Amino acid sequence: MDIEYRQQGSSIIITWPDGQTNNYPFIWLRDNCQCPACVHPTTHERLLFTADIDPDIAPVAVSGGPTDLKLIWNDAGGHESHFTGEWLYHNSMAAPKGGTVRTSAVLWNAESLNEIPTFDYAEVAGDDAGLLRWCAALRAFGIARIRDVPRADGTVVQFAEQVGYVHDTIYDRLHNVFSDPNAYNLASTSEELKPHTDMPNYFSPPGVQLLHFIDNEAEGGETTLVDGYACALQLKEEDPAAYEILASTDVGFRLASSKGDIIGQSPMIELNNRGFISTIRYSNQLMLPLLIPGEEVTAFYDAYRKFSRLLTSPDNLVKFKTWSGDMIATHNHRILHGRAEFKPASGARHLQLAYLDFDLVMSRLRQQRLADIGEDWSVERFY
């Protein structure tokens, strides 16, 4: 990748062929030297202790060919750092605009989602290339469907373990969902389930829900899905004050079972420190009484109502019938799922679910991406 660089103050300024310009401060470049003295050659872990870098660090010489950059520093021994253009480009420090989502997310609504990404089980089970296509779809759209999954007990766990490993919760590791007159959870009734994310009460909710329809012959019970990221950004555009309230007000959620009782407080729209939407936490059925000053309550409920209407709007909600042998995966930090009411006496309905971490989906993609480009794992952030 071609480099056009210049020194400016205490930074190197690089302009890339696509017109993007990035600022690389001297201390950042010295701290990220990739030589074997600074990064262990086999573990790829850092050896350089950042606090030991002289705050007045600066290069005494800067040179570079069309695709790389070399710096000799003013520290003891005249340490030399070498960076490829590709490494510098992929690790650029261009700050994203606040309130956005990761660039890999393809936002959608009921009109723009022409078709749910769908795969045959034979295409993804035991086939690395097919599994990677499934991972890529889940990364981009937050949803992926698999058809013709064997209707055998535990298949959903076997698939989760093909990706990585199961994320255990206070539910059973392999959780069965039946219609039960003595249900302990709304999912085990035949009632409508409004769109929601699972486990919002956890400090770190599981990132992927896998839902295997072993039997789904009952009348009704259509699956509903909505893109929480897209709806949150729609709220921000239509009512920035409401968005800010939901991104800054802690809401309590509770979920209990025979294995535990977990309570957590977090905003419904959770942002990271760069303004990215990281997690949507929304579950009307698990929400606890709001613990905020009385004078803030009305504004919160106004914001909550507006967000809820977006999440349940026919313009945003996708509704479809799932069949016996289907498996639906959702990015649980982004996609809300629900279900229409069904008639339990009209046919069998048995679902099994398991969770895994979204990090494992990204890990699969990152490893394959790095193998494809023939680079060390440390060169590519691949968010």
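What you see is a predicted model, and the numbers here were worked out from it, not measured in a lab. Here the residue numbers are simple positions, counted from 1 along each chain's written sequence. Per-residue local features of the predicted model are confined to residues with pLDDT of at least 70, and side-chain atom pairs are confined, for both listing and counting, to 80 or more; whole-chain, interface and lining totals are unaffected and use all residues. The side-chain numbers reported here are obtained from all heavy atoms of the structure, hydrogens and water having been left aside.

*Asks:* I keep staring at the sheet that holds strand E2 (residues 11-15) and nothing clicks. Help me out?
*Replies:* In sheet architecture, strand pairing relies on hydrogen bonds along the backbone and comes in two forms, parallel and antiparallel. Here three strands make up an open sheet; going across it, the order is E1-E2-E3 and the pairing antiparallel. What marks the edges here is a single partner per strand, and that holds for strand E1 (4-8) and strand E3 (21-25). Taking each pair of neighbouring strands and ignoring which way they run, the sheet shows an average axis angle of 25 degrees. For E2 and E3, the ladder comprises five bridges, and the chain directions are antiparallel. Across the sheet, residue Ile14 finds its bridge partner in E3, namely Asn22. When DSSP locates at least two bridges between a pair of strands, those strands are taken to pair. Runs of E in the DSSP output that reach at least two residues are strands. Runs of H or I that reach at least four are helices, and both are numbered from the N terminus. Angles here are taken between N-to-C directions and fall from 0 to 180 degrees, while the axes themselves are lines fitted to C-alpha atoms, restricted in helices to the stretch in contact.

*Asks:* Please clarify how the sheet that holds strand E6 (residues 80-84) should be interpreted in this entry.
*Replies:* Here we have three strands laid out as an open sheet, ordered E4-E5-E6, and antiparallel in their pairing. The sheet is open, and its two edges are formed by strand E4 (59-63) and E6, each paired on a single side. Put simply, the sheet's adjacent strands are angled 15 degrees from each other on average, direction ignored. As judged from the five bridges shared by strand E5 (residues 68-73) and E6, these two strands associate in the antiparallel manner. Pairing of Lys70 across the sheet is with His82, part of E6.

*Asks:* Would you explain the side chain of His167 in this entry?
*Replies:* With respect to the secondary-structure elements, His167 resides in the loop between helix H5 (155-163) and strand E9 (175-177). Only 2.6 Å separates the side chain of His167 from the side chain of Asp357, close enough to count as a polar contact. With near-sequence residues (within four places) excluded, His167 lies in contact with Ser204, Pro206, Tyr355, Leu356 and Asp357. Between N or O atoms, a polar contact is any pair within 3.5 Å; within protein, one atom must be a potential hydrogen donor and the other a potential acceptor, and residues adjacent in sequence are included only when both atoms are from side chains. Note on definitions: a residue-residue contact is assigned when non-hydrogen atoms from the two residues lie within 4.5 Å.

*Asks:* Would you mind going over the confidence of the model for the chain with me for this structure?
*Replies:* Do not read the fine detail of predicted coordinates wherever pLDDT is low. A residue's pLDDT is the confidence the predictor assigns to it, expressed on a 0 to 100 scale. Overall, the predicted model of the chain reaches an average pLDDT of 89, with 91% of residues at or above 70. Within the chain, no element has a lower average pLDDT than helix H9 (residues 358-373), which sits at 78, and none a higher one than helix H7 (residues 240-248), at 98. Per-residue pLDDT stays below 50 along residues 373-383; that stretch engages in 31 contacts with residues further than four places along the chain or on separate chains.

*Asks:* Help me understand unusual backbone geometry in this model?
*Replies:* Even without being a glycine, His44 presents a positive backbone phi close to 65 degrees. Mapped onto the secondary structure, His44 falls in the loop between helix H1 (26-31) and E4. A relative accessible area of 22% means that His44 is categorised as partly exposed. Positive phi values are uncommon outside glycine, yet Asp148 reaches one of about 55 degrees. Along the chain, Asp148 turns up in the loop between strand E8 (143-147) and H5. Judged by its relative accessible area of 61%, Asp148 is exposed. Note on exposure labels: buried denotes an accessible area under 20% of the residue type's maximum, exposed denotes more than 50%, and partly exposed covers the range between, all computed with a 1.4 Å probe on protein chains only.

*Asks:* For this particular structure, what's the right way to read the nonpolar core?
*Replies:* Within soluble globular proteins, side chains that are nonpolar tend to cluster in buried spots. In this structure, Met268, Ile269, Ile280, Phe300 and Phe307 are the most contacted members of the largest nonpolar core, which totals 48 residues. Of all the elements, helix H8 (residues 294-312) adds the most residues to this core, at six residues. With near-sequence residues (within four places) excluded, Phe307 lies in contact with Gly228, Cys231, Ala232, Leu235, Leu246, Ile269, Ile280 and Tyr282. Buried residues of nine kinds, namely Ala, Val, Leu, Ile, Met, Phe, Trp, Tyr and Cys, make up a nonpolar core once their side-chain atoms join them within 4.5 Å. One finds Val124, Leu132, Val208 and Met327 within the second-largest nonpolar core, a separate group that totals 29 residues.

*Asks:* Please explain the packing of H7 against H8 as it appears in this structure.
*Replies:* Relative to each other, H7 and H8 sit at 105 degrees, their axes nearing to 9 Å. Looking at the two axes, H7 sits roughly perpendicular to H8. Contacts between H7 and H8 involve Ala242, Ile245 and Leu246 from the first element and Ala299, Phe300, Ala303, Tyr304, Lys306 and Phe307 from the second. Gly counts as polar in this scheme, as do all residues outside two lists: the nonpolar Ala, Val, Leu, Ile, Met, Phe, Trp, Tyr, Cys and Pro, and the charged Asp, Glu, Lys and Arg. Counted by class, the contact of H7 with H8 contains eight nonpolar, no polar and one charged residues. Should an angle fall under 35 degrees it is taken as roughly parallel, and over 145 as roughly antiparallel, whereas 65 to 115 is taken as roughly perpendicular and any remaining angle as oblique.

*Asks:* Explain the packing of aromatic side chains to me, please; I cannot follow it from the model alone.
*Replies:* Geometry of an aromatic ring pair is reported as the spacing of the ring centres plus the angle between the planes. Each Phe, Tyr or Trp ring, with Trp reduced to its six-membered ring, pairs with another whose centre is within 6.5 Å; inter-plane angles below 30 degrees give stacked pairs, above 60 give edge-to-face pairs, and intermediate values give tilted ones. For the coordinates displayed, the defined rule picks out nine aromatic pairs. Centre to centre, the rings of Tyr282 and Tyr304 are 5.7 Å apart; their planes meet at 40 degrees, and the pair counts as tilted. Residue Tyr282 is located in the loop between strand E17 (277-280) and H8, and its partner Tyr304 is located in helix H8; the two are separated by 22 residues in the primary sequence. Owing to a relative accessible area of 5%, Tyr282 belongs among the buried residues under this scheme. Three or more aromatic residues link up through ring pairs in this structure, and these residues are Tyr282, Phe300, Tyr301, Tyr304 and Phe307. Charges are assigned to positions over rings by a cutoff of 6 Å between ring centre and Lys NZ or Arg CZ, combined with an angular limit of 35 degrees from the ring normal. Positioned over the ring face of Trp323 is Lys321, at 5.8 Å from the centre of the ring.

*Asks:* Which parts of the structure should I look at to understand H5?
*Replies:* It helps to recall that an α-helix has 3.6 residues per turn; residues three or four apart then point in one direction. With seven of nine residues buried, H5 lies mostly within the body of the structure. When we look at burial in H5, the residues that qualify are Thr155, Val156, Val157, Phe159, Ala160, Gln162 and Val163.

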